[in-house]
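# Fold and contact review
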Amino acid sequence: MTRGMRNHVWVWVAVGLVVVAAVGFISYQSYARPGKNLTLATTTSTQDSGLLDVLIPAFEKASGIKVKVVAVGTGQSIEIARRGDADVVLVHARKLEDQFVADGQGINRRDVMYNDFVVVGPPGDPAGIKGMKDAAAAFAKIAQAKASFVSRGDKSGTNVKENEVWAAAQVKPAGSWYLSAGAGMDEALRLASEKGAYTLSDRATYLATKDKYKLDIVVEGDKILYNPYGVIAVNPKVHPNVNYRGAMAFINFITGPEGRKIIGDFGRDRFGQPLFTPWPQGQ
Amino acid sequence: MSLIASLDPELYQIVFLSVVVSGTASILGALAGVPAGALLAFRRFPGRTLLIRVVYTLMGLPPVLAGLLVYLLLSSQGPFGRARLLFTPAAMVIVQFILVFPIVTGLTLVAVRDRDRLVRDTALALGATRWQADLAVIGESRRAIGAAVMAAFGRAIAEVGAVMLVGGNIQWQTRVMTTAIVLETRQGRFDVAIALGLILLALAFAVNTLVGQVTPMAGGKLDENP
């Protein structure tokens, strides 16, 4: 009986200590020193490209600011910024960016870099568009042939660009050939590969995954496929608690000489070509 | 297998954070849920039936919905925005607590109700006060309550939607095993994702075993064969 009671007490003491330790740990991890933390809302494809894994540590080292990178879909990213839950946003959806600034939510928008999108498709090229220079015309041919096409359907930068091309082709895609997936880029590529469908992809993700999937580039180089990235600070007048100085430090870093060098070199060793082009200066 | 052997510090950080977040939420959920469940079982009061139904319903609260609601509460524009808890482990513990509390409450309620009659009568016959009888029933139901806490922990460590929304899956800071699995899957690294999943299962098994050993020692005064 005595042994049982002693165990009894020790178990509760142990549990109590564990809880105190855990709560202490969590609280310590969750405490944010104001000014020393920057929350960057960006997109999943930006994160997946790997650029941030190089760019962010360089910025942290240069500025002493700790960066929290929240990578979600473009729409969610901007919504987070609209709520003042992020200090700065890096996305590639010009229309949404412009709206964000026009609404007074974002200020000091700068062009950072661009990469491009490519139209990829199955090796058999059922719609016969390989080598075409006009993306909109290619899309029109896909619709006409009712060749399978996978859309990300998630309001991502890629999805926004895809809709732009459909609009330029004056086609409203609909029908069983048009598969709207609600998926990330890699998932969409996988789906396209499995179903022998076309899709629009950013070049970086395509290059990074090309060995896994049966997809070839069919259309590239058209200006409409350019994918420019913009960085915007969240307006401190609307959200007084944001780290505006940190946001500006980040913006200045990535558009300045050190950031541009990192961006311009990124991807060279892995793919033989850089994945991004820093935005030409003075434009 | 090579993933574990590689002693990757990031992997250990992810596992550690998963255990701490879900463990804390489960323990806090148990500390709050067991008394709550017992009270619901023992005391009669107006609205009791309704409250019990609400608890049962909340046991099935979709994690991603809980995540969205907590996100809105903790958001800069939300009522608790000043606390700056969004995208921190604290926010993750909070949301998992919300998911886990009804589960522990509901299952404790059921566990205790089953044992109530026999144990209570015996305790009262041995001269216990009402409170002592209550504690005796709880003590005798400890195995089922332990199972309830394990179910709660299982729910917490396996969920992904809520912690993704309020935590943000930030590397080194709020990335846990489930959100890491989503990331690896999204980037097409299925083998890493599966490895993480297996580690998660092994972890749940280990915690299960640990709690199974500990529960019998946690209380109970009447004799019982383990």
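Residues numbered from 1 in each chain as written. Chains lettered and ligands numbered in written order. Predicted model: local features only at pLDDT ≥ 70, side-chain atom pairs only at ≥ 80, totals over all residues.

## Side note on the overall build of chain B
When you go through chain B residue by residue, the secondary structure sums to 10 helices and zero strands. Written out in order from the N terminus, the α and β elements of chain B read α-α-α-α-α-α-α-α-α-α. Dimensions of chain B along its principal axes, counting C-alpha atoms only, are 65 × 45 × 25 Å. Taken across its 226 residues, chain B has 43% of its residues classed as buried. (Helix = DSSP H or I, 4+ residues; strand = E, 2+ residues; numbered from the N terminus. Buried ≥ 20, exposed ≤ 12 C-beta atoms within 10 Å, placed from the backbone.)

## Side note on the overall build of chain A
Broken down by element type, chain A carries 12 helices and 10 strands. Along the three orthogonal principal directions, the C-alpha set of chain A runs to about 85 × 55 × 40 Å. Counting the 283 residues in chain A, one finds 46% classified as buried.

## Looking at the packing of helix α3 (residues 51–63) of chain A against helix α11 (residues 257–265) of chain A
Residue and element names in this part refer to chain A. For the pair α3 and α11, the least separation of the axes is 10 Å and the interaxial angle reads 160°. Compared by their axis directions, α3 and α11 come out roughly antiparallel. The chirality of how α3 crosses α11 is right-handed. Taking contact as the criterion, the partners of Leu51, Val54, Leu55, Ala58 and Ala62 in α3 are, on α11, Glu258, Gly259, Ile262 and Ile263. Looking at the contact of α3 with α11 residue by residue, the class counts come to seven nonpolar, one polar and one charged. (Axes fitted to C-alpha atoms, helices over the stretch in contact; angles between N-to-C directions. Parallel < 35°, antiparallel > 145°, perpendicular 65-115°, else oblique. Left-handed = near helix turned anticlockwise from the far one by under 90°. Contact = placed C-beta atoms within 7 Å. Nonpolar A, V, L, I, M, F, W, Y, C, P; charged D, E, K, R; others polar.)

## Brief notes about the domain arrangement of chain A
Residue and element names in this part refer to chain A. Here chain A is described as being made up of domain 1 (37–115 + 228–278) and domain 2 (116–225). Domain 1 and domain 2 are separated by 26 Å when their C-alpha centres are compared. Counting residues at the interface gives 17 residues for domain 1 and 14 residues for domain 2. Residue assignment for the side of domain 1 that touches domain 2 shows that the elements contributing at least two residues are α2 (44–49), α4 (74–82), α5 (94–102) and β4 (106–121). Element by element, the count of residues in the side of domain 1 that touches domain 2 is highest for α2, at four residues. Along the lines of polarity and charge, the residues of the side of domain 1 that touches domain 2 split into six nonpolar, nine polar and two charged. (Domains from an automatic or database assignment.)

## Topic: the confidence of the model for chain B
All names here are of chain B. For chain B, per-residue confidence averages 86 on the pLDDT scale, and 92% of positions sit at 70 or higher. Ignoring residues within four places in sequence, the model shows residues 221–226, a span with pLDDT below 50, making four contacts including any to other chains. This complex was scored by the predictor with a pTM of 0.79 and an ipTM of 0.74. (pLDDT = per-residue confidence, 0-100.)

## Some details on the nonpolar core
Buried together is how nonpolar side chains tend to be arranged in soluble globular proteins. Within the largest apolar cluster, 108 residues are counted, with the highest numbers of intra-cluster contacts made by Leu40, Val88 and Val89 of chain A together with Ala91, Val95, Val104 and Val166 of chain B. It is helix α5 (residues 89–125) of chain B that provides the largest number of residues to this core, a total of 18 residues. Three or more residues apiece are contributed to this core by two domains, here domain 1 (37–115 + 228–278) and domain 2 (116–225) of chain A. Counting residues in hydrophobic clusters, the runner-up holds 29 residues, among them Ala135, Ala138, Val150 and Ala188 of chain A. (Core = buried A, V, L, I, M, F, W, Y, C linked by C-beta atoms within 7 Å.)

## Side note on the environment of Lys68 of chain A
Within the secondary structure, Lys68 of chain A sits in strand β2 (residues 66–72). As for Lys68 of chain A and Pro257 of chain A, which are separated by 189 residues in sequence, their C-alpha atoms are 23 Å apart.

## Digging into the pairing of strand β1 (residues 37–43) of chain A
Residues and elements named next belong to chain A. A large share of β1 lies buried, amounting to six of its seven residues. In this structure, β1 lies alongside β2, joined through seven bridges in parallel fashion. Residue pairing across strands places Ala41 opposite Val70, the latter belonging to β2. Across three bridges, β1 lies against strand β3 (residues 88–91) in parallel orientation. Across the sheet, the residue bridging to Leu40 is Val88, located in β3. (Pairing = 2+ DSSP bridges.)

## Considerations on helix α10 (residues 244–255) of chain A
Its 12 residues place the ends of α10 of chain A 16 Å apart at the C-alpha level, agreeing with the 16 Å of an ideal helix rising 1.5 Å per residue. Of the surrounding secondary structure, the elements contacted by the buried residues of α10 of chain A are β1, α3, β3, β4, β9 (226–234) and α11 of chain A. (Expected span 1.5 Å × (residues − 1).)

## Comments concerning the interface of chain A and chain B
Taken together, the 29 residues of chain A in the interface contact 26 residues of chain B. Secondary structure elements with two or more residues in the side of chain A that touches chain B: α1 (2–30), α2, β2 and α8 (185–195) of chain A. No other element matches α1 of chain A, which puts 12 residues into the side of chain A that touches chain B. Here the side of chain A that touches chain B is built from residues that sort into 10 nonpolar, 12 polar and seven charged.

## Re unusual backbone geometry
For Asp125 of chain A, which is not a glycine, the phi torsion comes out positive at approximately 50°. When you line up the elements, Asp125 of chain A lands in the loop between β4 and α6 (135–145). At Phe87 of chain B, a position not held by glycine, the phi torsion is positive, near 60°.

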